[in-house]
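In case you want the letters, here they are:
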Amino acid sequence: TTDTAYGSSLRYRSLRPWHVVDVSGSYFKAGTGGNHQLRFGFGYRANPVHSSTRYAGNGSIARKNGDGPGDSQVVLYRDRVAFFKGTNTDVYVSDTFTKGRMTINAGVRYDIQKASNEASTAAAQRLIPDLFPAVTVDPSKLQGIEWKDFSPRVAVTYALDEARKTVVRSSYARYAGQLNS
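Everything in this summary refers to the structure shown in the same document.

### A short note on the environment of threonine 157
Argument step 1. Its place among the elements puts threonine 157 in strand S11 (residues 145-159).
Argument step 2. Residue class for threonine 157 comes out partly exposed when judged on its relative accessible area of 22%.
Argument step 3. Distance from threonine 157 to methionine 102, taken between C-alpha atoms, is 5.7 Å for residues 55 residues apart in sequence.
Argument step 4. When sequence neighbours within four positions are dropped, the list of residues in contact with threonine 157 reads Arg101, Met102, Thr103, Val167, Val168 and Arg169.

What follows is the structure, given as structure tokens:
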């Protein structure tokens, strides 16, 4: 009734040993009557997650919702286990070309994103294991997720006056959201 928990009600643990590699670079070159700035890069991220929640005692929590008869309840919890992994791989290249008052930027990015469950087992509920038995995830029986995204980009900017105070711009870009594990 006082919204106070005594002792411990649960333990949550989440291990996330992520591995990230990012390589990028630039190259400047004069050519075709103007200047080029080439940009390129590669990225890789592996992000496994092993998390578990364990409820204290026999996995039951008593709650009182009011003062009348029938206002009390017991909520039963099974320990939760979630093991999954994701990988993101990307590669990109772009060129910013400047000549006089005009700037043209063109590039492309390609992403491969994958996510899947890993083998795990959640133990049976400790108070009534017959009603809430152990649950096992067999990843060989599940389909993972795989996204392949091609993201082109192009933009043109033109300065209408020598002082470059008035410009006209046009652009097109396609973006892909990052899949969270």
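### Side note on the pairing of strand S4 (residues 49-55)
Argument step 1. For S4, a buried count of 5 out of 7 residues is recorded, marking the element as mostly surrounded by other parts of the structure.
Argument step 2. In terms of strand pairing, strand S1 (residues 10-15) meets S4 through 6 bridges, oriented antiparallel. Note on S4: the bridge partner recorded for arginine 11 is arginine 54.
Argument step 3. As defined by bridge partners, S4 adjoins strand S7 (residues 80-99) across 5 bridges and the pair is classed as antiparallel. Counted as the bridge partner of threonine 53 is arginine 80 from S7.

Cut-offs used in this document
Residues numbered from 1 in each chain as written. Predicted model: local features only at pLDDT ≥ 70, side-chain atom pairs only at ≥ 80, totals over all residues. Heavy atoms only, no water. Helix = DSSP H or I, 4+ residues; strand = E, 2+ residues; numbered from the N terminus. Buried < 20%, exposed > 50% of the residue type's maximum accessible area, 1.4 Å probe, protein only. Contact = heavy atoms within 4.5 Å. Pairing = 2+ DSSP bridges.

Don't take any of this as a statement about function, it's just geometry.
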